[in-house]
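# An overview of the molecular structure
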Amino acid sequence: MGERSRKKGFCGWFLVLLVAAVIAIAVMITLKKRSQNSEPELGPVPGPPGQVQKKYGDALKIAMQFFDVQKSGKLVDNKISWRGDSALKDGIEAKLDLSKGMYDAGDHIKFGFPLAFTATVLSWAILEYGDQMKTVDQLGPAQDSLKWITDYLIEAHPSENVLYIQVGDPETDHGCWERPEAMTEKRPLIQVNTSSPGTDVAAETAAAMASASLVFKSSDSTYSSTLLKHAKQLFTFADKHRGSYSESIREVQTYYNSTGYGDELLWAASWLYHATGDKSYFEYVTGENGNDFAEFGSPSWFSWDNKLAGTQVLLSRVSFFGEKDTSNSASLNKYRNTAEAVICGLLPKSPSATKSRTDNGLIWVSEWNALQHPVASAFLAVLYSDYMLTSRTAKLSCSGESYGPSDIRKFAISQVDYVLGDNPLKMSYLVGYGDKYPEYVHHRGASIPEDATTSCKTGWKWLESTDPNPNVAVGGVVGGPFLNETYVDSRNNSMQGEPTTYNSAVMVGLLSGLITTSSVVQSFT
């Protein structure tokens, strides 16, 4: 009888403890959920550039070097030992000096459309994060690389309605495997003009010139004024003589086919508004052209072809920091709302999160040059995060869920860390960074020994060589992994293994924004 009583008492206490434990766990889960769904806290506004994040500072120093790898022309203060002068006669048939500029990727064509985009993004990075670049001695190199491109773009615009948009024939160039220093083939020129319009490429070049004019405004006012003059002329040309360069010049469709020109018109006008303060450019983007081209409410991917997401973030800057008569514009709010939709789509826990990502969280949109989209998206994310922090905007709402600047920055960090080696292959996709990175990059100059004597046809053995590249295409951001997160390190694999200048531009912008925890400047001027 006593034994049974003790057993009953033990069972009773056991049940009490079990119920208490269940209640405690439920309370903990509820508190955790409340914590996760609580309003995001807004930290203090960072002051001048603080402590440097060494990893990102080191990566920026490497990424910046790819622009030197890609330079054409008479090299000044050449920092890449295996590069030399090349394409010195580019433009001679038109009595122009088009020797500067940069080769697009692993070949030796100067494609004006992506090159101008490279310049615009690089300008944007300098304007927002020049102070951060300066902490690791990279502001000067960034400005030098930008000017190497804009010097070329100025020469490529010899009159108001003429813009040279390509140097070299891709079919001829791709029929050769040689160092750029050894080129002897003819390098024909392609132009857009009033009879063969190219609104997209002309407007992108206007954006490059306008943004760069801001970069050089304090250091070289004469050069800045020259850039702005060209930007205004090119925008007028692009807007007045509308037409896609891909339709005017069919042969360009194979490589950098443009899917439309409305985004470039808005992008260029936005940069011209920042560069001039002229309200007519603001009215351009917030009026009928905005309704026609902005695709309000429809998030898109920022790239060399589509500038809408970049335009939305750039105009959000006006909403955050602009004068009241502009920042309260209803149309401007549409740009900001769409920018927030872009950001909400990037955040992995957002109700509207895109499903376009790998199992390990990398944004993944296209198997060709897969890394362009995650790096460009992360650049926009870190910008938007800093706009919020600087303006004391605590949150954005994604379908009822609130996220703060730190959540957005965390996403950006996840993307860049993946590129730098935090991925299933434990490999850096930034060439030259870390202990493991692609060794068979699809790049003519990197694949051929500096002292080799080759011609157009005799250099193919270096493409087929089983040895790693004798030269490192340092700073190149290769195409990147497939959706299943595999990567084939083969020189013949241009889909995954070819670096581009525009990949480097968005990478430089992203890294510059992460070097320190510092707010953006509120005015470009």
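Residues numbered from 1 in each chain as written. Predicted model: local features only at pLDDT ≥ 70, side-chain atom pairs only at ≥ 80, totals over all residues. Heavy atoms only, no water.

Along its length, the chain carries 22 helices and 5 strands. By the compact-globule yardstick of 24 Å for 525 residues, the chain fits well, its C-alpha radius of gyration being 26 Å. Expressed along its principal axes, the backbone C-alpha trace of the chain runs to roughly 110 × 60 × 40 Å. In the chain, the proportion of contacts linking residues at least 24 apart, taken out of those at least 6 apart, comes to 75%. Put simply, the chain shows about 21,800 Å² of open surface, and 52% of that area lies on carbon and sulfur atoms. Here the chain contributes 48 positively and 58 negatively charged side chains, and the mean placements of these two sets differ by 9 Å. (Helix = DSSP H or I, 4+ residues; strand = E, 2+ residues; numbered from the N terminus. Rg over C-alpha atoms; globule rule 2.2 N^0.38 Å. Contact = heavy atoms within 4.5 Å. Areas by Shrake-Rupley, 256 points an atom, 1.4 Å probe, with all protein chains shown as cover. Lys, Arg positive; Asp, Glu negative; His and termini not counted. Charge placed at Lys NZ, Arg CZ, Asp CG, Glu CD.)

The subject of this paragraph is the sheet that holds strand β3 (residues 189–192). Strands sit in the order β1-β2-β3 across an open sheet of 3 strands; the sheet is antiparallel. The open sheet is flanked by β1 (110–111) and β3, the only strands paired with a single partner. Pairing analysis gives 4 bridges linking strand β2 (residues 163–167) to β3, with the strands arranged antiparallel. Bridging across to β3, Q166 finds its partner in I190. (Pairing = 2+ DSSP bridges.)

Once that is clear, we can look at empty space enclosed by the protein. For the structure on display, the rule yields 3 cavities of 30 Å³ or more. Of the pockets and cavities examined, the largest cavity occupies roughly 90 Å³. Along its surface, the largest cavity is lined by 14 residues, and T172, D173, M183, E185 and R187 are the ones closest to its centre. (1 Å grid on protein atoms, 1.4 Å probe; cavity = no way out; pocket = protein on both sides within 12 Å on 5 of 7 lines; lining within 4 Å. Points joined across faces, edges and corners; volume = space filled by probe spheres on them.)

Side-chain pairs of opposite charge can arise whenever the charged atoms involved come near each other. The full count for this structure, using the stated rule, is 17 salt bridges. Between K71 and D68 there is a salt bridge, with the nearest N and O atoms lying 3.1 Å from each other. On the basis of relative accessible area, K71 is assigned to the buried category, the value being 10%. As a salt-bridge pair, K74 and D85 come within 3.0 Å of each other at their nearest N and O atoms. With K74 in the loop between α3 (65–70) and β1 and D85 in the loop between α3 and β1, the pair connects residues that are 11 residues apart, well separated along the chain. For K74, a relative accessible area of 54% translates into the label exposed. (Salt bridge = Lys/Arg side-chain N within 4 Å of Asp/Glu carboxyl O. Buried < 20%, exposed > 50% of the residue type's maximum accessible area, 1.4 Å probe, protein only.)

What follows deals with the state of the cysteines. Within this structure, the stated rule accounts for 2 disulfides. With its sulfur 2.0 Å from that of its partner, C176 forms a disulfide with C456. Sign of the S-S torsion, about -85° for the bond between C176 and C456, identifies this disulfide as left-handed. With C176 in the loop between α6 (170–173) and β3 and C456 in the loop between α19 (444–447) and α20 (460–464), the pair connects residues that are 280 residues apart, well separated along the chain. Comparing C176 with C456 shows no difference in burial state: the two are buried. (Disulfide = S-S within 2.5 Å.)

Right, let's get into the nonpolar core. Core analysis: the largest hydrophobic core is formed by 152 residues, its most contacted members being W124, W271, Y384 and M507. Top element by residues in this core is helix α4 (residues 112–135). It accounts for 13 residues. Residues in contact with M507, not counting those within four places in the same chain, are A63, V375, V416, V419, L420, L430 and V477. (Core = buried A, V, L, I, M, F, W, Y, C linked by side-chain atoms within 4.5 Å.)

Its identity as a non-glycine residue notwithstanding, D77 has a phi of 50°, on the positive side. Residue placement: D77 occurs in the loop between α3 and β1. The phi torsion at N369 lies on the positive side, around 50°, for a residue other than glycine. With respect to the element layout, N369 can be found in the loop between α16 (330–346) and α17 (372–390).

Right, let's talk about the packing of helix α11 (residues 262–276) against helix α14 (residues 308–321) for a bit. In contact at an axis separation of 9 Å, α11 and α14 are set at 25° when each is read in the N-to-C sense. Here α14 runs roughly parallel to α11, going by the angle between their axes. Seen along the crossing, α11 lies across α14 with a hand that is left-handed. Facing α11, whose interface residues are D263, L266, W267, S270, W271, Y273 and H274, α14 presents L308, G310, T311, L314, L315, R317 and V318. Its residues placed into classes, the contact of α11 with α14 shows 8 nonpolar, 4 polar and 2 charged. (Axes fitted to C-alpha atoms, helices over the stretch in contact; angles between N-to-C directions. Parallel < 35°, antiparallel > 145°, perpendicular 65-115°, else oblique. Left-handed = near helix turned anticlockwise from the far one by under 90°. Nonpolar A, V, L, I, M, F, W, Y, C, P; charged D, E, K, R; others polar.)

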